[in-house]
Amino acid sequence: RRWLRQHDCVEKLNMHAILSASAGQEQLLTELLVTYAKVPVLIGELISVEIWKHKIFPVLCRLEDFKPRSTFPIYVVLHHEASIINLLETVFFYKEICESAEDSILDLIDYCHRKLTLLAGRSANGQTVTPAVLVPPQELQKQAETMEFEISLKALSVLRFITDQVESLPLSALTRMLNTHNLPCLLVELVEHCPWSCREAGKLKKFENGVWHVVPPEDEVKMTKLDGQVWLALLNLLLSPECQRKYHFDGFNKSQLLKLRVFLTDVLVDQLPNLVEMQRFLSHLAVTEPASPKKDLVLEQVPVIWDHILKKNAGKWEAIAKHQVKRVFSPTEEELKLQACRWAQTYSLDMMEALAPDKPRCRVCGVEAAKRCSRCRNEWYCTR
């Protein structure tokens, strides 16, 4: 029950962050997160839910005697990860937020690397075959799969904001991004395979704002926000003097990076002029052998949240799942009603409409509408 209250708080904070960002007033929220040291708390919660999805959720789906009245409580836990990563994406634009993460920034870098690896491993079309009729566990698994894709895209944005601050990141964070995880080569994979783009029935489809949509022929070469995030992260990681000093430009890494040249067309560079610097860097890289980084004796920090949770609960996953089935995911009818009231307050209709990307339109004339029908609460009108 305490966790549900915490989820409500995170959800409201996420909604407030989105509304504040759209109004250009998110400074107060970022100051509060920094003042009360809540960024490491959010990162810890994010990784806890990720581990729950990997270790507990599959056990729940396998339990034959688990037939809950409602699967919504489980969906809320799955959605919790999406809420936190969305909140972090909104606020990590600010340098002070990135700095306030302190040592937990290493855990967040590892988290983003895991999500980007999932993205790079997706099939060419990014779609999965869905059975005609889904029973609850399969339905939840399908929802989790769809959510995982969107979460991974949010993690890409968070990683790009982290790379914006390479000058102020701890040395361990830079080493982890460049050498432990080799993020430049992983980003090259994303440029090559572009998992948020696919061809279906001869038409190009791209994933933007939470939906797949068909791209008109004249817009096929237009850079999306996700494309821009990848290229900006590459610019930050490859052109920074500190990064160039630490990165291993060996034969494999060099050959992978030079694959980018074929994508750096005039049309792309016109849309993101900073890529001219990338073209120059790659042209220079192609004809030179960069010096190997110095092998200094370094005491390196390592992320602790993921390992701590795994070690603490090793061998207990099935017992935890069965305990949660009894105490959390099998609520009585009265408890479900109370939860429904709480969720209705959190996900109010007015809040949902404020977050919607499209403004309501008049049912009669189609122009933007400001008045809603007081009887049905669904239709909108521009006048009485």
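From a predicted model like this one, the values you see are computed outputs, not experimental measurements. (Residues numbered from 1 in each chain as written. Predicted model: local features only at pLDDT ≥ 70, side-chain atom pairs only at ≥ 80, totals over all residues. Heavy atoms only, no water.)

Trainee: I keep staring at the overall build of the protein and nothing clicks. Help me out?
Mentor: The secondary structure content of the protein amounts to 19 helices and 5 strands. At a minimum sequence separation of 6, the contacts of the protein that also span at least 24 residues come to 75%. Summed over its atoms, the accessible surface of the protein is roughly 21300 Å², and 55% of this surface lies on carbon and sulfur atoms. (Helix = DSSP H or I, 4+ residues; strand = E, 2+ residues; numbered from the N terminus. Contact = heavy atoms within 4.5 Å. Areas by Shrake-Rupley, 256 points an atom, 1.4 Å probe, with all protein chains shown as cover.)

Trainee: What is the right way to look at a nonpolar patch on the surface in this model?
Mentor: A cluster of nonpolar residues, L28, L32 and Y36, forms a patch on the protein surface that exposes about 340 Å² of accessible area. Within the secondary structure, Y36 is located in the loop between α2 (27–35) and α3 (39–55). The exposure class assigned to Y36 is exposed, which follows from its relative accessible area of 56%. (Patch = residues over 30% accessible without salt bridge, like charges linked within 9 Å, V, L, I, M, F, W, Y side chains within 5 Å. Salt bridge = Lys/Arg side-chain N within 4 Å of Asp/Glu carboxyl O. Buried < 20%, exposed > 50% of the residue type's maximum accessible area, 1.4 Å probe, protein only.)

Trainee: What am I meant to see in the pairing of strand β3 (residues 211–214) here?
Mentor: Along a regular strand, successive side chains alternate from one face of the sheet to the other. Direction of pairing for strand β2 (residues 203–208) relative to β3: antiparallel, over a ladder of 4 bridges. Bridge assignment links E208 to a residue of β3, and that residue is V211. Connecting β2 to the antiparallel partner β3 that follows it, the hairpin turn spans 2 residues, and N209 within it adopts a positive phi of roughly 55 degrees. (Pairing = 2+ DSSP bridges.)

Trainee: I'm lost on the nonpolar core in this one. Help?
Mentor: One recurring pattern in soluble globular proteins is that nonpolar side chains are buried together. Judged by nonpolar contacts, the single largest core of 99 residues is most densely connected at F92, I105, L108, I162, W196, W231 and L275. If you tally residues by element for this core, the top one is helix α8 (residues 136–163), at 12 residues. (Core = buried A, V, L, I, M, F, W, Y, C linked by side-chain atoms within 4.5 Å.)

Trainee: What am I meant to see in the packing of aromatic side chains here?
Mentor: How two aromatic rings sit relative to each other is given by the distance of their centres and the angle of their planes. Inspection of every chain in the model, using the stated rule, returns 10 aromatic pairs. Clustering of aromatic rings is evident, with ring pairs tying together W52, F57 and F329. (Phe/Tyr/Trp six-rings, centres within 6.5 Å; stacked < 30°, edge-to-face > 60°.)

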